[in-house]
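As a plain string of letters, each chain reads:
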Amino acid sequence: MSGKNDDLEPLVAVARAVRTRGLKGEIVADLLTDFPERFEGLEELVTVAPDGKRGVIELEQYWFQKDRVILKFKGFDNLEASSGLIGYEFAVPESARVPLEEDEYYDWELQGCTVETIEGESVGKVAGILKTGGVAMLEVDAGRELLIPMAETIVTEINIPEKRIVIDPPEGLLDL
């Protein structure tokens, strides 16, 4: 891994190392991308250590196993070498992210957005996105956790440049 901390281009994390696998230095990683196909053609990834330090690592091989990805990096050929990567995130530069449709957003783009009602009343800030299998929910920190369904009838506007989300909550939603 070479250190490339000087150019701090924003990154999009695609996987997080969970544990080693086998004796050849393979890493089992949680997928952090909705686009697993994005590994196709990738030759290197940016490593982000738990302390935030970045590096670059050469991807030798990958394959999917259940809902995880198995990564094999060049020069990490045994358990000892690869075990140092546990806890690392693997990322791509934001400029290389998969383009989305006009009304689609990455979870990280929504985090930190201010949520307000159509009347302009401040509700709180988005702390995260909860994927339920149905409609995704905005986890909003409003002094307490609020869950707001990302239904078109409720979320009326998402303005990423202004980090602002406007909602038209049905009666009682903000009281839950």
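So, a few notes on the structure that sits alongside this text.

Cut-offs applied
- Residues numbered from 1 in each chain as written.
- Predicted model: local features only at pLDDT ≥ 70, side-chain atom pairs only at ≥ 80, totals over all residues.
- Heavy atoms only, no water.
- Helix = DSSP H or I, 4+ residues; strand = E, 2+ residues; numbered from the N terminus.
- Contact = heavy atoms within 4.5 Å.
- Areas by Shrake-Rupley, 256 points an atom, 1.4 Å probe, with all protein chains shown as cover.
- Lys, Arg positive; Asp, Glu negative; His and termini not counted.
- Charge placed at Lys NZ, Arg CZ, Asp CG, Glu CD.
- Core = buried A, V, L, I, M, F, W, Y, C linked by side-chain atoms within 4.5 Å.
- Buried < 20%, exposed > 50% of the residue type's maximum accessible area, 1.4 Å probe, protein only.
- Salt bridge = Lys/Arg side-chain N within 4 Å of Asp/Glu carboxyl O.
- Phe/Tyr/Trp six-rings, centres within 6.5 Å; stacked < 30°, edge-to-face > 60°.

**Some remarks on the overall build of the protein chain**
Okay, so step 1: For the protein chain, the helix and strand inventory stands at two helices and 13 strands.
Okay, so step 2: Dimensions of the protein chain, computed from C-alpha atoms along their principal axes, come out at roughly 60 × 35 × 30 Å.
Okay, so step 3: The long-range fraction of contacts in the protein chain, counting pairs at least 24 apart against all pairs at least 6 apart in sequence, stands at 52%.
Okay, so step 4: Roughly 10,400 Å² of accessible area belongs to the protein chain as shown, and the carbon and sulfur atoms make up 49% of that amount.
Okay, so step 5: Both charge centroids of the protein chain, one from 18 positive and one from 36 negative side chains, sit 9 Å from each other.

**Some points on the environment of Pro50**
Okay, so step 1: Looking at where Pro50 falls in the secondary structure, it is placed in the loop between β4 (44–48) and β5 (54–65).
Okay, so step 2: Contacts of Pro50, omitting those with residues within four sequence positions, involve Gly87 and Tyr88.

**Concerning the nonpolar core**
Okay, so step 1: Formed by 19 residues in total, the largest nonpolar core has its most connected members in Phe39, Leu45, Leu71, Phe73, Leu85 and Phe90.
Okay, so step 2: Mapped onto this core, the elements with two or more residues apiece are β2 (11–21), β3 (26–31), β5, β6 (68–73) and β7 (89–93).
Okay, so step 3: Here the element with the most residues in this core is β2; it accounts for four residues.
Okay, so step 4: Of all hydrophobic cores here, the second largest spans 17 residues; its members include Val126, Ile129, Ile165 and Leu173.

**Thoughts on the pattern of salt bridges**
Okay, so step 1: Per the stated rule, a full pass over the model turns up nine salt bridges.
Okay, so step 2: Of the charged contacts in the structure, one is a salt bridge between Glu89 and Arg16, with a shortest N-O distance of 2.8 Å. Of this pair, Glu89 sits in strand β7 while Arg16 is found in strand β2, placing the two residues 73 residues apart along the sequence.
Okay, so step 3: Asp30 is paired through a salt bridge with Arg68; the nearest N and O atoms lie 2.7 Å apart.

**Quick word on the packing of aromatic side chains**
Okay, so step 1: Summed over the entire model, instances satisfying the criterion amount to five aromatic pairs.
Okay, so step 2: Summarising the aromatic geometry, the rings of Phe39 and Phe64 are spaced 6.2 Å apart at their centres and angled 75 degrees between planes, so their arrangement reads as edge-to-face. You can see Phe39 sitting in the loop between β3 and β4 and its partner Phe64 sitting in strand β5, a full 25 residues away along the chain.
Okay, so step 3: Residue Phe39 is classed as buried on the basis of its relative accessible area, which comes to 0%.
Okay, so step 4: Residue class for Phe64 comes out partly exposed when judged on its relative accessible area of 36%.
Okay, so step 5: Plain terms: the ring middles of Tyr62 and Phe64 are 5.7 Å apart, the flat faces sit at 75 degrees to each other, and that makes the pair edge-to-face.

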